[in-house]
Amino acid sequence: MEIDIREFLIRQPSFPKQVATDKYYLAVANKLLKIFAKTNLGKSVPEAVGKRMSLGLTGYFQDIIADAGIWRSFVDANRKLYGFSIPFHSEGEEYIDYELNREDVRFLTWYFVAMSYEDMRDIYPHDSRIIELADNWFDYLDSIYEDSPEPEDFNIARGLDLKDPEDQQDIYHLGQWLFLHCYLITPAFALTLSEIMSDPELMSGEDITKLHDRMEQSMMEDPTGPLALFITEWLKLILVSSEEGVVCGEERIGSNEEHPYYRKFIEANEGKRIQYFATYEELNRFFVEKMGWDKDQEHLPVLKDSGYFVVLVNPKRGMLVARNVARCISDPANPYYDKDYARKHAFDMLTVRGKCPADLAKFAFGNGWLPDAVFPGSDDNELVKRNYDFIMRCYLQQYYRD
């Protein structure tokens, strides 16, 4: 099991060009792969996943040595959004910003396997197999950190100015590389890419023009990376000083006007923003009798075969309806909360695309109503509670931003 030079080069910003330091970092990647193979996690996942993970961690190592700004932008964005440097892990006394850190390697080990291997998509970040591999990887990288050469051509963002027209072509190239090959940003796009590749219209025949156009469209329109940011946002974070107030993908709503459904729902629901329904018939009756919708119509008929609905209103966004999640929410006013069911399914509200609108999950967490949301195999609701917004960004991607 070995990573060849092409597998390594295609992840480098200067591909297909080969530079003098590539041989050194290819050797680092292969050493990481050998360490991986001897661990419990390495014995549990396919070889191809091990290669992707080893190449990913090599990219992180190159980034921090070259100070390419990718990891730096992630840490800065986390601090702006959440007040911590990295998800899931507290900074130890020896933690140094933007340098090699054990906590960083532990996070990235979780991120690489969770985003690369469907069977471990929901693996607990503190799983003993994650910690074992990460610590072995960190010890090796730490032993070579001071003597490793600066990787040539890795810092392709250096000197670029977003406002300089002469830099636009290089900035576009940087954006392409970040989207398609960057160790930090690309892994989170894997599920979206799989959905694109499953489109028979794009994959049929020998003409790859449609697929190329769809990937170009995706790069412009789909968020990616662990924070579900658009490439334009990643570029701003990397190229613009954080002191200049770069947007980190916070909620942005165009209109300040109150949505008409909001006041109507509040009045119909005794002043509460949320309501629960066991059946479609109950839901439709509420729309007709309480909201004043057409009596002779079945509203939202696409929901007829579902149950356990939650309806939530937002002053700006209006009304959202989620199905099959009411049993997960421990609101004292919710008669359908089922702890045993929630223990198995509440975490899906944060990780399964289309399962639950992000606004509803945020509202429930804000009120302490998702005590059963845990990574499968753990009881660590505190970890999820501290990181629920990040978890949704990382897993839901465009469903979070939409």
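Coordinates for the structure precede this section.
Being a predicted model, the structure only gives us computed values, none of them experimental. (Residues numbered from 1 in each chain as written. Predicted model: local features only at pLDDT ≥ 70, side-chain atom pairs only at ≥ 80, totals over all residues. Heavy atoms only, no water.)

A. Molecular detail of the overall build of the protein. In terms of helices and strands, the protein carries 18 helices and 3 strands. The C-alpha atoms of the protein give a radius of gyration of 23 Å, which matches the 21 Å a tight globule of 402 residues would have. Taken along its principal axes, the extent of the C-alpha atoms in the protein is 75 × 50 × 50 Å. Taken across its 402 residues, the protein has 53% of its residues classed as buried. Long-range contacts, defined here as pairs at least 24 residues apart, represent 66% of the contacts in the protein between residues at least 6 apart. Carbon and sulfur atoms make up 46% of the accessible area of the protein, which totals about 19100 Å². Averaging the coordinates of the 45 positive side-chain charges in the protein and doing the same for the 69 negative ones gives two points 5 Å apart. (Helix = DSSP H or I, 4+ residues; strand = E, 2+ residues; numbered from the N terminus. Rg over C-alpha atoms; globule rule 2.2 N^0.38 Å. Buried < 20%, exposed > 50% of the residue type's maximum accessible area, 1.4 Å probe, protein only. Contact = heavy atoms within 4.5 Å. Areas by Shrake-Rupley, 256 points an atom, 1.4 Å probe, with all protein chains shown as cover. Lys, Arg positive; Asp, Glu negative; His and termini not counted. Charge placed at Lys NZ, Arg CZ, Asp CG, Glu CD.)

B. Quick look at the packing of helix α2 (residues 22-37) against helix α3 (residues 47-66). Contact pair α2 / α3: the axes reach a minimum separation of 9 Å and the direction vectors enclose 135°. Looking at the two axes, α2 sits oblique to α3. As α2 runs across α3, the sense of the crossing is right-handed. Contact residues: α2 offers Y25, V28, A29, L32, L33 and F36, while α3 offers G50, K51, M53, S54, L55, L57, T58, F61, Q62 and I65. (Axes fitted to C-alpha atoms, helices over the stretch in contact; angles between N-to-C directions. Parallel < 35°, antiparallel > 145°, perpendicular 65-115°, else oblique. Left-handed = near helix turned anticlockwise from the far one by under 90°.)

C. Main features of the sheet that holds strand β1 (residues 274-277). Here 3 strands make up an open sheet; going across it, the order is β1-β2-β3 and the pairing antiparallel. Looking at which strands have only one partner, the edges of the open sheet turn out to be β1 and β3 (318-322). Taken over all neighbouring pairs, the strand axes of this sheet differ in orientation by 20° on average, direction set aside. Here 4 bridges tie β1 to strand β2 (residues 309-314), and the two strands are oriented antiparallel to one another. By the bridge assignment for β2, F277 is matched with F309. Contacts from helix α12 (residues 260-268) reach β1, β2 and β3 within the one sheet, and its direction differs from that of β2 by about 120°. (Pairing = 2+ DSSP bridges.)

D. Highlighting the pattern of salt bridges. This structure, assessed with the given rule, holds 21 salt bridges. The residue D97 makes a salt bridge to R79 at a minimum N-O spacing of 2.5 Å. Of this pair, D97 sits in the loop between α4 (70-81) and α5 (102-116) while R79 sits in helix α4, and the two are 18 residues apart along the sequence. Note on R79: relative accessible area 28%, which makes it partly exposed. (Salt bridge = Lys/Arg side-chain N within 4 Å of Asp/Glu carboxyl O.)

E. Quick peek at helix α6 (residues 128-144). Between its terminal C-alpha atoms α6 stretches 25 Å, which fits the 24 Å expected from 17 residues at 1.5 Å a residue. Those residues of α6 not exposed but buried are I130, I131, L133, A134, D135, W137, F138, Y140, L141 and I144. Where α6 is buried, its residues contact α2, α3 and α5. Between a side-chain oxygen at the N-terminus of α6 and the backbone nitrogen of R129 the separation is 2.7 Å; the capping residue is D127. (Expected span 1.5 Å × (residues − 1). Polar contact = N/O pair within 3.5 Å; in protein donor to acceptor, adjacent residues only side chain to side chain.)

F. How the structure looks around the nonpolar core. Residues W71 and W110 are the most contacted members of the largest nonpolar core, which totals 117 residues. Ignoring any residue separated from it by four or fewer positions in sequence, one finds W71 in contact with Y60, D63, I64, I86, Y95, Y98, D104, F107, L108, Y183 and L184. In terms of nonpolar packing, the next biggest core, distinct from the first, is built from 16 residues, I266, F277, L283 and L303 among them. (Core = buried A, V, L, I, M, F, W, Y, C linked by side-chain atoms within 4.5 Å.)

G. Up close: unusual backbone geometry. Of note, the amide linkage connecting F15 to P16 takes the cis form, showing an omega dihedral of 10°. With respect to the helices and strands, P16 occurs in the loop between α1 (5-9) and α2. The phi dihedral of F88 falls on the positive side, at around 75°, and the residue is not glycine. Of note, F88 is situated in the loop between α4 and α5. Since its relative accessible area comes to 5%, F88 is described here as buried. In this structure, A228 is a non-glycine residue whose phi angle is positive, near 50°.

H. Main features of the state of the cysteines. All chains considered together, the criterion is met by 0 disulfides. Free of any disulfide, C328 has its nearest cysteine sulfur in C356, 8.7 Å distant. We note that C394 lacks a disulfide partner, and the nearest cysteine sulfur, in C182, lies 14 Å from it. (Disulfide = S-S within 2.5 Å.)

I. Region of interest: the environment of W234. Mapped onto the fold, W234 is located in helix α11 (residues 231-239). Classification of W234 by relative accessible area gives buried; the value is 0%. With 57 residues separating them along the chain, W234 and M291 place their C-alpha atoms 42 Å apart. Among residues more than four places away in sequence, those in contact with W234 are S73, F74, I185, T224, G225, P226, L227 and L229. Within the structure, the side chain of W234 is placed 3.3 Å from the backbone oxygen of L229, a separation counted as a polar contact.

J. The arrangement of the environment of R72 in detail. Mapping R72 onto the fold places it in helix α4. Ignoring any residue separated from it by four or fewer positions in sequence, one finds R72 in contact with D67 and Y98.

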